[in-house]
Amino acid sequence: MSRVLNLIAIAIANSVRGIRGATTTSLMAVLTISIVLVLVGSASLLVDNMTGILDEFGAELQLVAYLENDVSKQAQRELVEHVSAAPGVDRVEFVSKDEALVRFEELAGGAELLAGLDENPLPASLEIHLRPEARNADAIAILDAALDGLPGIDELAHGQEWIEGYGQAVSMVRAGALVLSMVLGLAALLIVANTIRLALYARRDELEILALVGASRTFVRVPFMMEGIFQGLLGGLFALLLIYGAFELALPQVRIGLELVLGRADLHFFSTAESISLVVLGAGLGLLGAITALVGGRT
Amino acid sequence: MRRRTLTAAGEPPVRMYHVSKSYMAGQYALHDVSLEVRRGEFIFLTGASGAGKTTLLELIFAEETPSEGQILVLGRNVARLGAGAIPALRRRVGVVFQDFKLLAERTIEENVRLALDVVGTPRRDARSRVFAMLKSVGLQHRRFHHPLSLSGGEQQRVALARALVNEPEILLADEPTGNLDPELTIEIMDLIVKASTRGTTVIVATHDHSLIERYGKRVLRLEGGRIAEDIPAATPTAGAMA
């Protein structure tokens, strides 16, 4: 056991020596990881916020079933129950003729428009709110078919184009972020691997001598892996700080812009778990880069 | 705890059976060499440049594998040794080169300690063993210096200390005095002979005939990759007699 602890202590000392002995190369690796993580992290933050905004809009997506005039109260209650049980429905809200009139007057800014009419021309309706997974064209078509022809429903209204556009936007943003992260991740891996390969080359004399005195592969490799992890951690921390700085700096302007265009701007930074994940991702990248360099260099 | 392949007390530490090494088809660096080295024996390996001296040493410390034949080193068949088993063998074989192979950015103590670090020797134990080893080569007072501040002879003494600090069963030296003047040559050779008298099997590759004459040990003369002459020692060494 003490032998293993000694080997670990020696590996740590060797990795510290390696970093101190090649400060420029180590800084290059840290910087490379930082740059990649800034790009990946920013893209992820952007996608996260965009998805959040799109989800908020999605929550407002609803179908409206206008009811016939002669539907009894009992039939209305049964309709609400029936529609609530339909596929993809989150909840159903009943809007009576009177409530519809109040809403119209609020929207129109007064009762003048309907003043000349003897009776309330607006129908009662059911506002059908959808579950997040049903906010797409296919699910709506299924729901449409399930509600079609139900006695008491006069007309079913939904913004099909809007819904399709929403679904496409979410898919595109997610796919784009995935592709971007994969490409950047691969690029980072190769750059980090090359940086560590340079460090290996710079220390080839040491590696030769270690092999001569009977150092095992693990003894030679572990310090380089530790260096990779350490550089990755530093790179991750640095990236997190940079993204946070940029986020705080850009937030007021972006918020104003979004409020102007969308009427809302609920933007958020990474959660603690996400922040830790970014730093751990850096460490993983450093480790993977080191392994790639070591395996490629047949050390 | 060290794990070692047990070899019978009288079993030769190095045995070669019809060993050949070829880097290019039809061209042999070493050709059909059969050899037995007894425990504690001191051997001079001599011959012109390209005769196969370095190749023979490289085969013994598993830097190379034979193209033909079998080599048994400390009971292990080098031809069949997996990459993972080579380090264990090398911890039992000390090697010294003409160009010292010291790390310039590390102190003398750290250079010697490398051989102990790779087996996880506790730091305090390693320090005292390195001190004792450096003392035996007369360099304990220079242990915190760096190699480049030392003379060639001193650097070779450090390399020798590194090769011996792990108490290897075999010591291989490839032209260890090639870069040294005659006075320092004798100094280094005396230290190597001293190691041999403690039971370490020693094989020294050299061009220097004055050394061969001076020490009167067994001589293997290589020519074109073959053993041209095997001259027994004038006075058998203590270890070899056992």
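Rules behind the numbers
- Residues numbered from 1 in each chain as written.
- Chains lettered and ligands numbered in written order.
- Predicted model: local features only at pLDDT ≥ 70, side-chain atom pairs only at ≥ 80, totals over all residues.
- Heavy atoms only, no water.
- Helix = DSSP H or I, 4+ residues; strand = E, 2+ residues; numbered from the N terminus.
- Expected span 1.5 Å × (residues − 1).
- Axes fitted to C-alpha atoms, helices over the stretch in contact; angles between N-to-C directions.
- Parallel < 35°, antiparallel > 145°, perpendicular 65-115°, else oblique.
- Left-handed = near helix turned anticlockwise from the far one by under 90°.
- Contact = heavy atoms within 4.5 Å.
- Buried area = accessible area lost by both parts, 1.4 Å probe.
- Salt bridge = Lys/Arg side-chain N within 4 Å of Asp/Glu carboxyl O.
- Polar contact = N/O pair within 3.5 Å; in protein donor to acceptor, adjacent residues only side chain to side chain.
- Nonpolar A, V, L, I, M, F, W, Y, C, P; charged D, E, K, R; others polar.
- Core = buried A, V, L, I, M, F, W, Y, C linked by side-chain atoms within 4.5 Å.
- Buried < 20%, exposed > 50% of the residue type's maximum accessible area, 1.4 Å probe, protein only.
- pLDDT = per-residue confidence, 0-100.

### Notes on unusual backbone geometry
- Non-glycine residue B:Leu74 carries a positive phi angle of around 50°.
- Mapped onto the elements, B:Leu74 comes out in the loop between β4 (68-73) and β5 (76-77).

### A short note on helix α4 (residues 97-108) of chain A
- Spanning twelve residues, α4(A) covers 16 Å between terminal C-alpha atoms, matching the ideal 16 Å at 1.5 Å per step.
- Positive phi shows up at A:Gly109, right after α4(A), with a value of about 80°.

### What about the packing of helix α3 (residues 108-117) of chain B against helix α4 (residues 123-136) of chain B?
All names here are of chain B.
- Two numbers describe how α3 lies on α4: the axes approach to 9 Å, and their chain directions differ by 120°. Classified by the angle between their axes, α3 and α4 sit oblique to one another. As α3 runs across α4, the sense of the crossing is right-handed. Residues Ile108, Glu109, Val112, Arg113, Leu116 and Asp117 of α3 form the contact with α4, whose participating residues are Arg123, Ala126, Arg127, Arg129, Val130 and Leu134.

### Some remarks on the interface of chain B and chain A
- Of the residues lining the interface, 22 residues belong to chain B; the matching set on chain A comes to 19 residues.
- Approximately 1800 Å² of surface area, both sides summed, lies buried where chain B meets chain A, with 59% of it carried by carbon and sulfur atoms.
- Considering only the surface of chain B that becomes buried against chain A, B:Arg90, B:Arg106 and B:Val118 emerge as the three largest contributors, covering 27% of it.
- Linking chain B to chain A there are three salt bridges.
- B:Arg106 is the partner of A:Glu206 in a salt bridge, and the nearest nitrogen-oxygen pair spans 2.9 Å.
- The interface formed by chain B and chain A holds five residue pairs in polar contact (both at pLDDT 80 or more) in total.
- For the side of chain B that touches chain A, the secondary structure elements donating two or more residues are α2 (86-90) and α3 of chain B.
- Of all the elements, α3(B) adds the most residues to the side of chain B that touches chain A, at four residues.
- Counted by class, the side of chain B that touches chain A contains eleven nonpolar, two polar and nine charged residues.

### Quick look at the nonpolar core
- Ranked by internal contacts, the top residues of the largest apolar core, which has 78 residues, are B:Phe42, B:Phe44, B:Leu134, B:Leu171, B:Met189, B:Ile192 and B:Val204.
- At nine residues, helix α8 (residues 217-262) of chain A tops the list of elements feeding residues into this core.
- The contacts of B:Met189, once residues within four sequence positions are left out, are B:Phe42, B:Phe44, B:Thr177, B:Val204, B:Leu211 and B:Tyr215.
- Counting 33 residues, the second largest nonpolar core, distinct from the first, contains B:Leu56, B:Ala62, B:Leu89 and B:Val93.

### Concerning helix α7 (residues 204-212) of chain A
- Within α7(A), burial applies to A:Glu206, A:Leu207, A:Ile209, A:Leu210 and A:Leu212.
- Immediately beyond the C-terminal end of α7(A), within one or two residues, lies A:Gly214, with a positive phi of roughly 90°.

### Here we look at the confidence of the model for chain B
- Mean pLDDT over chain B works out to 89, with 93% of the residues at or above the 70 mark.
- Residue range residues 238-242 of chain B is modelled with pLDDT below 50. Its contacts to residues more than four positions away, or to other chains, number seven contacts.

### With respect to the pattern of salt bridges
All names here are of chain B.
- Inspection of every chain in the model, using the stated rule, returns 24 salt bridges over all chains.
- With a closest N to O distance of 3.0 Å, Arg15 and Glu11 form a salt bridge.
- For Glu169, the salt bridge goes to Arg92, with nearest N and O atoms at 2.9 Å. Of this pair, Glu169 sits in the loop between α5 (152-164) and β7 (170-174) while Arg92 sits in the loop between α2 and β6 (93-97); the two residues are 77 residues apart in sequence, bridging distant segments of the chain.
- Note on Glu169: relative accessible area 16%, which makes it buried.

### What to know about the environment of A:Glu127
Residues and elements named next belong to chain A.
- Position of Glu127 among the secondary structure elements: in strand β3 (residues 125-130).
- With relative accessibility at 11%, the residue Glu127 sits in the buried group.
- With 64 residues separating them in the primary sequence, Glu127 and Leu63 have C-alpha atoms 6.0 Å apart.
- Setting aside residues no more than four positions away along its own chain, Glu127 makes contact with Gln62, Leu63, Val64, Arg91, Val92, Glu93, Val95 and Arg103.
- Within polar-contact distance, the side chain of Glu127 engages the side chain of Arg103 at 2.4 Å.

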